[in-house]
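Chain by chain, the residues run as shown.
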Amino acid sequence: MAKSSHQRARALLLSALLALGAVGLSGCGDSDAPNPDAEPEPEQPMGTGPMNNEDAGETPSDDL
């Protein structure tokens, strides 16, 4: 009889943890839908921008 009550207690604890996990995860994610009227960001050529590799091998400058 004691074994049965321990199994019930474990099953109850497991179901409670699963329920709390589902409630916690239901609040995650984007609540706002994406804006279909948003303008796309302008594309830059591959050789430009802050991540270009023009000065590869040189010491970086402190000019910002």
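Summary of the structure given here. None of the values given here were measured: they were computed from a predicted structure.

### Quick look at the overall build of the protein
Regarding its fold elements, the protein presents 1 helix and 0 strands. Of all 64 residues assigned to the protein, the portion counted as buried reaches 0%. When the accessible surface of the protein is summed, it comes to about 6800 Å², and 58% of that surface belongs to carbon and sulfur atoms.

### Remarks on helix α1 (residues 2-26)
Residues that lie three or four places apart on an α-helix share one face, since the helix turns once every 3.6 residues. The end-to-end C-alpha separation of α1 is 36 Å, in line with the 36 Å expected for 25 residues at 1.5 Å each. For α1, the tally of buried residues reaches only 0 of 25 residues, placing the bulk of the element at the surface.

The rules behind each value
Residues numbered from 1 in each chain as written. Predicted model: local features only at pLDDT ≥ 70, side-chain atom pairs only at ≥ 80, totals over all residues. Heavy atoms only, no water. Helix = DSSP H or I, 4+ residues; strand = E, 2+ residues; numbered from the N terminus. Buried < 20%, exposed > 50% of the residue type's maximum accessible area, 1.4 Å probe, protein only. Areas by Shrake-Rupley, 256 points an atom, 1.4 Å probe, with all protein chains shown as cover. Expected span 1.5 Å × (residues − 1).

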